[in-house]
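Given next are the chains, with one letter for each unit.
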Amino acid sequence: MRTKNIHYDEVRRVDDTHIVVRNIPSDQLSDFRDLVSSQLQNVWTCLPRRRTSSYTLTMRASAVAATKETTMQQSLETIERRINALGLTEQLFSVTPKRQ
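All values derive from a computational prediction rather than experimental measurement.

**Q** An account of the overall build of the protein is needed here, citing residue identities and associated values.
**A** On a plain count of helices and strands, the protein comes out with two helices and four strands. In the protein, the succession of helices and strands from N to C terminus is β-β-α-β-β-α. Taking all contacts inside the protein whose residues are at least 6 apart in sequence as the whole, residues at least 24 apart take part in 37%. Per element, the accessible surface of the protein, about 8100 Å² overall, is 49% carbon and sulfur.

Laid out in structure tokens, this is it:
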């Protein structure tokens, strides 16, 4: 938003899947929506908050699932590297993450 010179009062993370952008000037709302649409549409949805010039960005369920999957895979790779660093050559266990 800074590079597009879109002004705002606050960008605040509400929780892991929600971000609030507060008080965007009315003459820049279109620019803000275009920016979100062009750069974040595959990961975030953008909904206006009631009676304000603020928006709530919500992470899409598919992006949440992809993030969980990536995190699990990276964790398993880290554990495997640490076990292998100890010089163990046999596979002690096989962990397959559950898909939800």
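Okay, back to it.
**Q** Any chance you could break down the sheet that holds strand β1 (residues 10-15) for me, citing the residues and the numbers?
**A** Read across the sheet, four strands follow the order β1-β2-β4-β3 without closing on themselves; strand pairing throughout is antiparallel. Pairing within the sheet leaves two strands with one partner each, and these edge strands are β1 and β3 (44-48). Between one strand axis and the next, the sheet turns through 20° on average, direction left out of account. Taken together, the five bridges between β3 and strand β4 (residues 55-59) define a ladder with antiparallel strand orientation. Pairing of Thr45 across the sheet is with Thr58, part of β4.

**Q** Pulling in residues and values, what's your account of unusual backbone geometry?
**A** A negative phi holds for most residues other than glycine; trans holds for most peptide bonds. Phi is positive for Asn5, close to 60°, though the residue is something other than glycine. Note that Asn5 resides in the segment before β1. Exposure remark for Asn5: the relative accessible area of 49% places this residue in the partly exposed category. Its identity is not glycine, yet Asn23 carries a phi of approximately 55°, on the positive side. For Asn23, the location among the structural elements is in the loop between β2 (18-22) and α1 (29-40).

**Q** With reference to specific residues and values, describe the packing of aromatic side chains.
**A** If you walk through the whole model with that rule in mind, you get one aromatic pair. Both rings, one in Phe32 and one in Tyr55, keep their centres 5.2 Å apart while their planes meet at 45°; by these two values the pair is tilted. With Phe32 in helix α1 and Tyr55 in strand β4, the pair connects residues that are 23 residues apart, well separated along the chain. The two residues Phe32 and Tyr55 agree in class, both being buried.

**Q** Explain the pairing of β1 residue by residue, including any values.
**A** In this structure, β1 lies alongside β2, joined through five bridges in antiparallel fashion. Note on β2: the bridge partner recorded for Asp15 is His18. Connecting β1 to the next strand, β2, in antiparallel fashion are two residues.

About the cut-offs
Residues numbered from 1 in each chain as written. Predicted model: local features only at pLDDT ≥ 70, side-chain atom pairs only at ≥ 80, totals over all residues. Heavy atoms only, no water. Helix = DSSP H or I, 4+ residues; strand = E, 2+ residues; numbered from the N terminus. Contact = heavy atoms within 4.5 Å. Areas by Shrake-Rupley, 256 points an atom, 1.4 Å probe, with all protein chains shown as cover. Pairing = 2+ DSSP bridges. Axes fitted to C-alpha atoms, helices over the stretch in contact; angles between N-to-C directions. Buried < 20%, exposed > 50% of the residue type's maximum accessible area, 1.4 Å probe, protein only. Phe/Tyr/Trp six-rings, centres within 6.5 Å; stacked < 30°, edge-to-face > 60°.

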